[in-house]
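This is what each chain is made of:
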Amino acid sequence: MERGAAGPLPLSRLAGPLLRRLSELLDRAAPGKGWRELAQRAGSRGTVRLSPLDLEQCSLQVLEPEGSPSWSLLKLLGDRGCTVMELAESLQALEHTEALQCLSHSDIKIVVQPDSQAVLSGQVVKLCCWATGHPFVHYQWFKQEKEVPHGNSPELVLSPVSVKDSGFYICRVNSESSFMFSHWARLEVCDLQNMPHGHLMGLPENKLCICNQPQPQNLTVGDALVLECGAVGNPIPNYQWFRNGFPLANGSKNVYTVTYVDVGHQGTYWCHVFNDREKEDSKKVEVIIDPQEEPSHRPVATDKVALLIGNMSYWNHPQLKAPMVDVYELTSLLRQLDFKVVSLLDLTESEMRKAVDEFLLLLDKGVYGLLYYAGHGYENYGNSFMVPIDAPNPYHSANCLCVQNILRLMQEKQTGLNVFLLDMCRKRNEYDDTILILDALKVTANIVFGYATCQGAEAFEIQQLGLANGIFMKFLKDRLLEDKKVTVLLDEVAEDMGKCPLTKGKQALEIRSSLSEKRALTDPVQQSTSSAESLARNLQWVKAHELPESMSLEFQCGVQIQLGFAAEFSNVMIIYTRIVKKPPEITACRAHITDFPLDLDVDPKETNKGTPEETGSYLVSKDLPKHCLYTRLSALQKLREHLIFTVCLNYEYSGIEDTMDERKEINVGKPLIAKLGLHHGFKTRNH
């Protein structure tokens, strides 16, 4: 259900003795290397928020008989999603060598790693992890992020195994004060209802066996080709598809797909299945393609509109990093393709529903509509749900937005193309057994779903140079500007992901499509300038992207200040101030802005910074003027009235000790998305 990280180990997973040892080292650390400095360092990374009240609660632990401020801090960091890697980086910045050594695992050696395997439901599965260490070692198995009940021995036995046991397994080995993790082991469990029980009982243990053969196909040009071959065995089977005796370049998975076939795809197909011990070929099947003339004209859009939502700062769930970068980069690329883009960060449930309503107002007959979401999510009974930042823990479908409902509303607009790019987990929500009764979707040949991961799986983030990308976006951004049918483009993204060691065995793009025409995101826009619908769309979009005009402020003392504005997202704005004129009799002066509306919940300590990066704005810094003071205002959708703030000028005259000050109140109206009033409640729950 949660969108997690592919590599980093959560701090909350560390064994208790190791956390206690770290706490002792931090409690008695030298000045500059203790728990307070660690808290400051961790908070400055921007991934974990620590309030003064949090630090006060930690410091009060010294009053308890066995209390430890460092223990309290480490538990707090773990609960808020901090990883062991992030902790190690903070300790390294503090040059706390002893604590870093405590995190190492040099005294443990795993001598037997668990094997990935594919099995049939009902068989007995054994995953093994054997290790040596001093003085002795403990074991704990995990399935994805959750501990396996009673999984505290070197061998994890699943008897009988069922489809719900499919997934990725890992074993943590820890000694008295250190830990180590095994390799990930993938378990695939096939449930073949048509296989006789006697066949299952007679299958030798670990033997390679093809149990799902490909089927012949009769297609026409433009159809999708899907060939599937399923096998069981240990080690886990590998696949290679062939056509007419030649291996297919992208045929290394158990399912071979071609989104858009032509006569060149006709031929005899089969799959070669193999592992380190055995090999076997599937039966050969014929794929026949009925030729037909492709349309000579290129499809066009009456307009192109995109809504991008990235949720990071969850109130009751782990924080995420990648959505900010992902939404920013996708916004830039889509604008190059002439999309009208609304990009929003950190929306509550009511704000997400209102944003979708505004998005729907931008759609009309023939318009290309694209919805991108990055954040926590889940999938139940074939429906995908996007999780707002204020969702309770646990959340249910009533607290989230159903993607299929949004698609139904988009279809009512008679759009030319509906594209959904969902960069979220698709694991089942075990707390939500609600089966939504949805209105039937129309049968239209213009729908494309690009899921960042497969059903029942997680979507991951990777971090490079302090900024995080979702794995899906890392590969999508390299191909998005290519002039290709949407499904072909996503197929190539899927192939790129499949070749990457970071994603292999962890995350695979899944594409669902009913697209019949060769529509691409690069298709031109042809619209009538006199169209009332077009004018309304343009007005609505412009309203959501109007920035205040730059202004020059003259103070009575003769100082002149430039006030400028830049948009990072549709609901995030940067204000920058610069002193451009100072009379010679004034020896020193400084300007800052303050008194922001309470709706925006602006922390004064985070305003008027010397660089954009210090405000948390890493993405637009290269486009901003230098030598200014910068303030980042986020969540502009919460602004109920005009944005009014105060510009304060402090200055000194030569020979006068007293500091003088002047103030000017500035009203810039409702900037960017604030004009649309997303803070208003919603009347109905149509999505």
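Now for a look at the structure at hand. Small disclaimer: the values here were computed from a predicted structure and weren't measured. (Residues numbered from 1 in each chain as written. Predicted model: local features only at pLDDT ≥ 70, side-chain atom pairs only at ≥ 80, totals over all residues. Heavy atoms only, no water.)

1. Here's the deal with the overall build of the protein chain
Across its full length, the protein chain carries 13 helices and 39 strands. Counting the 687 residues in the protein chain, one finds 52% classified as buried. A separation of at least 24 residues holds for 72% of the contacts in the protein chain among residues at least 6 apart in sequence. Accessible area for the protein chain stands at about 31900 Å²; split by element, carbon and sulfur atoms hold 51% of it. (Helix = DSSP H or I, 4+ residues; strand = E, 2+ residues; numbered from the N terminus. Buried < 20%, exposed > 50% of the residue type's maximum accessible area, 1.4 Å probe, protein only. Contact = heavy atoms within 4.5 Å. Areas by Shrake-Rupley, 256 points an atom, 1.4 Å probe, with all protein chains shown as cover.)

2. What to know about the sheet that holds strand β38 (residues 644–653)
Pairing is antiparallel across the open sheet formed by 3 strands, whose spatial order is β36-β38-β39. Sheet topology places β36 (586–594) and β39 (660–667) at the edges, where each strand pairs with a single neighbour. The average undirected angle you get between the axes of adjacent strands in this sheet is 15°. (Pairing = 2+ DSSP bridges. Axes fitted to C-alpha atoms, helices over the stretch in contact; angles between N-to-C directions.)

3. Thoughts on the packing of helix α2 (residues 35–44) against helix α4 (residues 69–79)
Their axes nearest at 10 Å, the elements α2 and α4 cross at an angle of 20°. By the angle between their axes, α2 is roughly parallel relative to α4. For the crossing formed where α2 meets α4, the hand is left-handed. Counting all contacts with α2, which are made through Trp35, Leu38, Ala39 and Ala42, the residues of α4 involved are Pro69, Ser70, Leu73, Leu74 and Leu77. Counted by class, the contact of α2 with α4 contains 8 nonpolar, 1 polar and no charged residues. (Parallel < 35°, antiparallel > 145°, perpendicular 65-115°, else oblique. Left-handed = near helix turned anticlockwise from the far one by under 90°. Nonpolar A, V, L, I, M, F, W, Y, C, P; charged D, E, K, R; others polar.)

4. So, the sheet that holds strand β35 (residues 572–581)
Pairing is antiparallel across the open sheet formed by 4 strands, whose spatial order is β33-β34-β35-β37. Among the strands making up the open sheet, the edge pair consists of β33 (551–554) and β37 (629–633). For this sheet, the mean angle separating the axes of adjacent strands, direction not counted, is 25°. As defined by bridge partners, β35 adjoins β37 across 5 bridges and the pair is classed as antiparallel. Residue Ile575 lies in a different strand from β37, and its bridge partner there is Thr631.

5. Overview of the packing of α2 against helix α3 (residues 52–59)
The description of two packed helices rests on the angle between their axes and on the distance between the axes. As a packed pair, α2 and α3 sit with axes 11 Å apart at the nearest point and diverge in direction by 160°. Comparing the axis directions of α2 and α3 gives the class roughly antiparallel. α2 and α3 meet at a crossing whose hand is right-handed. Along its contact with α2, which presents Trp35, Arg36 and Ala39, the element α3 presents Leu55, Cys58 and Ser59. Taken together, the residues of the contact of α2 with α3 break down into 4 nonpolar, 1 polar and 1 charged.

6. Points about the nonpolar core
Tyr373, Met386, Leu563, Ile575, Leu643, Phe645 and Val647 are the most contacted members of the largest nonpolar core, which totals 69 residues. With residues near it in sequence (within four places) discarded, Leu563 still touches Ser550, Met551, Leu553, Ile575, Tyr576, Thr577, Ile593, Phe645, Val647 and Ile666. If you look at the next biggest cluster of nonpolar residues, it comprises 50 residues, including Phe339, Ala566, Phe569 and Tyr576. (Core = buried A, V, L, I, M, F, W, Y, C linked by side-chain atoms within 4.5 Å.)

7. Description of the pairing of strand β11 (residues 185–190)
Side-chain alternation along β11 places Ala185, Leu187 and Val189 on a buried face and Arg186, Glu188 and Cys190 on a face that remains uncovered. Here strand β3 (residues 117–120) pairs with β11 via 4 bridges, running parallel. Among the inter-strand pairings, Ala118 is bridged to a residue of β11, identified as Glu188. Relative to β11, strand β9 (residues 167–174) runs antiparallel, the two being bridged by 3 bridges. Looking at the pairing, Gly167 lines up with Leu187 of β11.

8. Quick word on helix α9 (residues 349–361)
Here α9 contains 13 residues, and its C-alpha end-to-end distance of 19 Å stays within 8% of the 18 Å for a straight helix at 1.5 Å per residue. Regarding α9, the residues found buried are Glu349, Glu351, Met352, Arg353, Lys354, Ala355, Val356, Glu358, Phe359 and Leu360. (Expected span 1.5 Å × (residues − 1).)

9. Overview of the packing of aromatic side chains
Under the criterion given, the structure shown has 11 aromatic pairs. Arranged with centres 6.4 Å apart and planes meeting at 35°, the rings of Trp241 and Tyr256 form a pair that is tilted. Placement of Trp241 in strand β16 (residues 238–243) and of Tyr256 in strand β18 (residues 255–258) is noted, with a sequence separation of 15 residues between them. As far as burial versus exposure is concerned, Trp241 and Tyr256 are alike and both buried. Taking the centre distance of 6.0 Å and the plane angle of 75° together, the rings of Tyr328 and Phe569 count as edge-to-face. (Phe/Tyr/Trp six-rings, centres within 6.5 Å; stacked < 30°, edge-to-face > 60°.)

10. Examining the pattern of salt bridges
Opposite charge on two side chains permits them to pair, given that their charged atoms come into close proximity. Per the stated rule, a full pass over the model turns up 24 salt bridges. As a salt-bridge pair, Asp483 and Arg298 come within 2.6 Å of each other at their nearest N and O atoms. Of the two residues, Asp483 is situated in the loop between α11 (471–476) and α12 (486–499) and Arg298 in the loop between β21 (285–290) and β22 (303–310); the sequence distance between them amounts to 185 residues. Beyond isolated ion pairs, a larger network of salt bridges with shared partners links Arg479, Glu482, Lys484, Glu492 and Asp496. (Salt bridge = Lys/Arg side-chain N within 4 Å of Asp/Glu carboxyl O.)

11. Considering the side chain of Asp54
Checked against the element boundaries, Asp54 lands in helix α3. Apart from the residues lying within four places of it in its own chain, the contact partners of Asp54 are Arg49, Leu76 and Arg80.

12. What about the environment of Ser162?
One can find Ser162 in the loop between β8 (155–158) and β9. For the pair formed by Ser162 and Val125, sequence separation is 37 residues and the distance between their alpha carbons is 10.0 Å. Sequence-distant contacts of Ser162, that is, excluding residues within four places in its chain, are made with Ser121 and Val189.

13. Things to note about the environment of Leu649
Tracing the backbone shows Leu649 in strand β38. If we ignore the near neighbours within four places in the chain, the residues touching Leu649 are Phe555, Cys557, Val559, Ile561, Cys589, Arg590, Ala591, Met660, Asp661 and Glu662.

14. Quick word on the side chain of Thr348
Looking at where Thr348 falls in the secondary structure, it is placed in the loop between β23 (340–345) and α9. With sequence-adjacent residues up to four places away left out, Thr348 is seen in contact with Trp315, Pro388, Ile389, Asp390 and Lys638.

15. Quick notes on a nonpolar patch on the surface
On the surface, Val111, Val112 and Trp130 cluster together into a nonpolar patch covering about 260 Å² of accessible area. Tracing the chain through its elements places Val112 in strand β2 (residues 109–112). (Patch = residues over 30% accessible without salt bridge, like charges linked within 9 Å, V, L, I, M, F, W, Y side chains within 5 Å.)

These figures capture arrangement, not role.
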